[in-house]
Amino acid sequence: MALRAIAGKKTLTLGLGFGPSGAAAAASFPGLGSGLHARGLVTFSLPDLPYDYGALEPAISGEIMQLHHQKHHQTYITNYNKALEQLEEAMTKGDSSKVVHLQSAIKFNGGGHINHSIFWQNLKPANEGGGEPPHGSLGWAIDTDFGSLEALVKTMNAEGTALQGSGWVWLALDREVKKLKVETTANQDPLVTKGANLVPLLGIDVWEHAYYLQYKNVRPDYLKNIWKVMNWKYASGVYEKEVA
Amino acid sequence: MGFHLLSPSYCCGYQASPPISHGLLRFRPVTGIPKPSPQKGQLHQSRRASKVLAYYGLTTPPYKLDALEPYMSQRTLELHWGKHHRDYVDSLNKQLVKSPLYGHTMEELIKVTYNNGNPLPEFNNAAQVWNHDFFWESMQSGGGKLPQGGVLQQIEKDFDSYSNFRDTFVESAMALFGSGWVWLVLRTEEKKLSVVRTSNAICPLVWGDIPIIGLDMWEHAYYLDYKDDREKYINTFMDNLVSWHAATVRMLRAEAFVNLGEPKIPVA
């Protein structure tokens, strides 16, 4: 599910803009940017949200969702694609210092794309099941590793509030030891930077742009309310696939 | 406004200064306050009603909160100063109740808590308190336009031209990943002006450099007014907000510490 959203396509377009879903757009504008990626560099485009911008209200306002999706996420994708093109060029030329220099831009923008693609999936409108607590194996795992769902939420909210600057707070599955963990990452670092075995089940964006227009400086309120639109079904799906 | 005294504890360390004394006075180390050496036994005596601890106050910006309209809204100032900045001060004071840190000016406290790259828990709050003080004073109503006199000369010397400096500053701010600040600093070692970008709470004081202008690039600084349009925010800061008066005062003081060359005294 998340993979579908993130997966690039061998496309000759730069993947700019949103409109109809990326693949359809590429099909209807075959001439866009042709010849730019003669080697078939995979670039990315903005995935659609599986709900309307206003559907997560009152937990997250429609204004924030729209800006967050159309501006912030789109910018990460645009800059990620740009960095990838530059990287391809540098690799072809064997320009090592350029290749290394580009790493931070790729980590930041690529991370931004990865993280937000997961984020849209792990939110769901309340009237479509958002906020419904996890059942089945994930529910039991939470009780085992944290004591209760309340304890997990409390831990994640505390970590999210304490995070200085910008970053994310994650519910992670350590696939090697099959244990759940709460982790934070700074800026747009994807969860994998905290450990190669970590699989993201849920991520909460605590960059100020994720809540400021609505909650201003009161990050704890944002964290309290976002659980009302949390898509535990997505998390359960990822978890079950990993532990199967 | 300002600070409130907690009795019976002593209020010491950096005092909140009245608005009119912003500028030179701010950097004077606090003198004339008795600095009792904390003796181990004394602090633990249960009879002792008062305890010596450090306490810092929230300073007010040198202008009314609506003075920077329409470039920075009153609402932003109310939140940014009244909530974020105040929060940092309150959090710092809460930490200092249990901390042995004592008797430092704010600048000293930052260097001490930075701990050469291994920051103590108080660093974040202390640095952000200082950073925001510096930020309010880096702006003024009717700001922007061009620097003058010595500052302009030094900028032209170190950047070739003002517009070169401006481009460098804007580019640096745009290239910042995550939360942070952008600074025009006087590098004490190289003895020249430079644009520097820092993450989260870090400020050039920790490297011994002297900040001349600071711009807050945390999202809370511009999101209400500019949403995601960082470029507009940065350009507006340069064109309409930055206080070259403050920069001049800071350069004057900096030249007491950094030799920028012989003054050009005309010979008769």
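Sequence order sets the numbering: in each chain, residues are counted from 1 along the sequence as written. Labels are handed out in written order, letters beginning with A for the chains and numbers beginning with 1 for the ligands. With pLDDT at 70 or above as the cut-off, local features in this predicted model cover only qualifying residues; side-chain atom pairs require 80 or more to be listed or tallied, and sums for whole chains, interfaces and linings still use all residues. Side-chain metrics in this entry use all non-hydrogen atoms of the structure; hydrogen atoms and water are not considered.

S.K.: Help me get a handle on the overall build of chain A, residues and values and all.
M.R.: A count of helical and extended segments in chain A gives ten helices and three strands. Looking at chain A residue by residue over its 244 residues, the buried ones come to 51%. By definition, residues are in contact when any of their heavy atoms lie within 4.5 Å. The contacts of chain A with a sequence gap of at least 6 include a subset with a gap of at least 24, amounting to 70%. Here, Shrake-Rupley sampling with a 1.4 Å probe gives the accessible areas, and only protein chains in the shown set may cover a residue. Total accessible area computed for chain A in this model is approximately 11,200 Å², and 57% of it derives from carbon and sulfur atoms. For helices the rule is a DSSP run of H or I covering at least 4 residues; for strands it is a run of E covering at least 2, with both sets numbered from the N terminus onward. Three labels apply to residues, based on accessible area from a 1.4 Å probe with only protein chains included: buried if under 20% of the type maximum, exposed if over 50%, partly exposed otherwise in between.

S.K.: Quick rundown of the UniProt feature "domain: Manganese/iron superoxide dismutase N-terminal" (unreviewed entry) in chain A? Include the residues and the values.
M.R.: Per the UniProt entry, the sites bearing "domain: Manganese/iron superoxide dismutase N-terminal" (unreviewed entry) are residues 43-123 of chain A in this numbering. Between the first and last C-alpha atoms of residues 43-123 of chain A the distance is 25 Å; the span itself is 70% helix and 0% strand. UniProt positions are given in the numbering used here, feature names are shortened, and annotations may be inferred rather than shown by experiment.

S.K.: Talk me through the packing of aromatic side chains; I want residue IDs and the actual numbers.
M.R.: All names here are of chain B. In this analysis, rings of Phe, Tyr and Trp, with Trp reduced to its six-membered ring, are considered paired at centre separations within 6.5 Å, and the interplanar angle assigns stacked below 30 degrees, edge-to-face beyond 60, and tilted for intermediate values. Within this structure, the stated rule accounts for 26 aromatic pairs over all chains. With a centroid separation of 5.7 Å and an interplanar angle of 25 degrees, the aromatic rings of W181 and W183 are classed as stacked. For W181, a relative accessible area of 0% gives the class buried. Residue classification places W183 among the buried positions, given a relative accessible area of 0%. Aromatic ring contacts, followed pair by pair, group W130, F134, F135, W136, W181 and W183 into a single cluster. We count a charge as sitting over a ring when the NZ of a lysine or the CZ of an arginine lies within 6 Å of the ring centre and within 35 degrees of the ring normal. Stacked on the ring of W81, the Lys or Arg R86 has its end atom at 5.2 Å from the ring centre.

S.K.: Explain the interface of chain A and chain B to me, using residue names and the numbers behind them.
M.R.: With 18 residues of chain A at the contact, the number on the chain B side is 17 residues. We define buried area as the total accessible area lost by two parts upon association, computed with a 1.4 Å probe and summed across both. Around 1,800 Å² of area is buried between chain A and chain B when both sides are counted, 57% of it from carbon and sulfur atoms. Looking only at chain A, the three residues that lose the most surface to chain B are E208(A), Y212(A) and N217(A), adding up to 32% of its buried area. Think of a polar contact as two N or O atoms within 3.5 Å of one another; within protein, one of them needs to be a possible hydrogen donor and the other a possible acceptor, and neighboring residues in sequence only count if both atoms come from side chains. Counting across the interface, chain A meets chain B through seven residue pairs in polar contact (both at pLDDT 80 or more). Elements supplying a minimum of two residues to the side of chain A that touches chain B: α3 (62-93), α5 (103-121) and α8 (212-215) of chain A.

S.K.: Residue-level account of unusual backbone geometry, with values.
M.R.: Peptide bonds are, in most cases, trans, and in most cases residues other than glycine have a negative phi. Between E57(A) and P58(A) the backbone carries a cis peptide bond, its omega angle lying at -5 degrees. The topology assignment puts P58(A) in the loop between α2 (22-28) and α3. Non-glycine residue K216(A) carries a positive phi angle of around 50 degrees. In this structure, N200(B) takes a positive phi of about 50 degrees despite not being glycine. Considering the arrangement of structural elements, one finds N200(B) in the loop between β2 (192-199) and β3 (210-216). The exposure class of N200(B) is partly exposed, given its relative accessible area of 24%.

S.K.: So, the packing of helix α2 (residues 74-97) of chain B against helix α4 (residues 122-137) of chain B: which residues are in play, and what are the values?
M.R.: Residues and elements named next belong to chain B. In this analysis, axes come from line fits to C-alpha atoms, helices being fitted only over the stretch in contact, and the angle between any two N-to-C directions falls in the range 0 to 180 degrees. Taken N-terminus to C-terminus, the directions of α2 and α4 make an angle of 145 degrees; their axes are 9 Å apart at the nearest point. In this structure, α2 meets α4 at a crossing whose hand is left-handed. Only E122, N125, A126, Q128, V129, H132, D133, F135 and W136 of α4 make contact with α2, whose side of the interface consists of L77, H80, W81, H85, Y88, V89, S91, L92, Q95 and L96. Gly is placed with the polar residues, together with every amino acid not listed as nonpolar (Ala, Val, Leu, Ile, Met, Phe, Trp, Tyr, Cys and Pro) or charged (Asp, Glu, Lys and Arg). A class-by-class count of the residues in the contact of α2 with α4 yields ten nonpolar, seven polar and two charged. For any pair of crossing helices, the crossing counts as left-handed if the nearer helix is rotated counterclockwise from the farther one by less than a right angle, and right-handed if it is rotated clockwise.

S.K.: Kindly report on the packing of helix α6 (residues 136-146) of chain A against helix α7 (residues 149-162) of chain A, identifying the contributing residues and their values.
M.R.: Residues and elements named next belong to chain A. For the pair α6 and α7, the least separation of the axes is 8 Å and the interaxial angle reads 70 degrees. Comparing the axis directions of α6 and α7 gives the class roughly perpendicular. Our pair here, α6 against α7, has a crossing hand that is left-handed. Between α6 and α7, the contacting residues are I142, D143 and F146 on the first element and L149, A151 and L152 on the second. Split by residue class, the contact of α6 with α7 holds five nonpolar, no polar and one charged. Each angle is binned into one of four classes, with values under 35 degrees roughly parallel, values over 145 roughly antiparallel, values of 65 to 115 roughly perpendicular, and all other values oblique.

S.K.: Provide a residue-level description of the UniProt feature "domain: Manganese/iron superoxide dismutase N-terminal" (unreviewed entry) in chain B, including the pertinent values.
M.R.: When the UniProt feature table is mapped onto this chain, "domain: Manganese/iron superoxide dismutase N-terminal" (unreviewed entry) is found at residues 56-139 of chain B. In residues 56-139 of chain B, the share of helix is 58% and the share of strand is 0%. The end C-alpha atoms are 23 Å apart.

S.K.: Which residues make up α5(A), and what values do they have?
M.R.: Since there are 3.6 residues in each turn of an α-helix, residues three or four apart along the chain are aligned in direction. In this analysis, the expected span of each helix is defined as 1.5 Å times one less than the number of residues it contains. Spanning 19 residues, α5(A) covers 27 Å between terminal C-alpha atoms, matching the ideal 27 Å at 1.5 Å per step. Most of α5(A) is tucked away: 15 of the 19 residues are buried.

S.K.: Describe the pairing of strand β1 (residues 167-174) of chain A, with residues and values.
M.R.: Residues and elements named next belong to chain A. Among the eight residues that make up β1, eight are buried, leaving the element largely enclosed by the rest of the structure. With burial as the criterion, each face of β1 is covered, one bearing G167, V169, L171 and L173 and the other bearing W168, W170, A172 and D174. DSSP bridges decide pairing: two strands pair if at least two such bridges lie between them. Hairpin connection from β1 to strand β2 (residues 179-186): four residues lie between these consecutive antiparallel strands, with K178 at a positive phi of about 55 degrees. Sheet topology note: the β1/strand β3 (residues 198-205) ladder contains seven bridges and is antiparallel.

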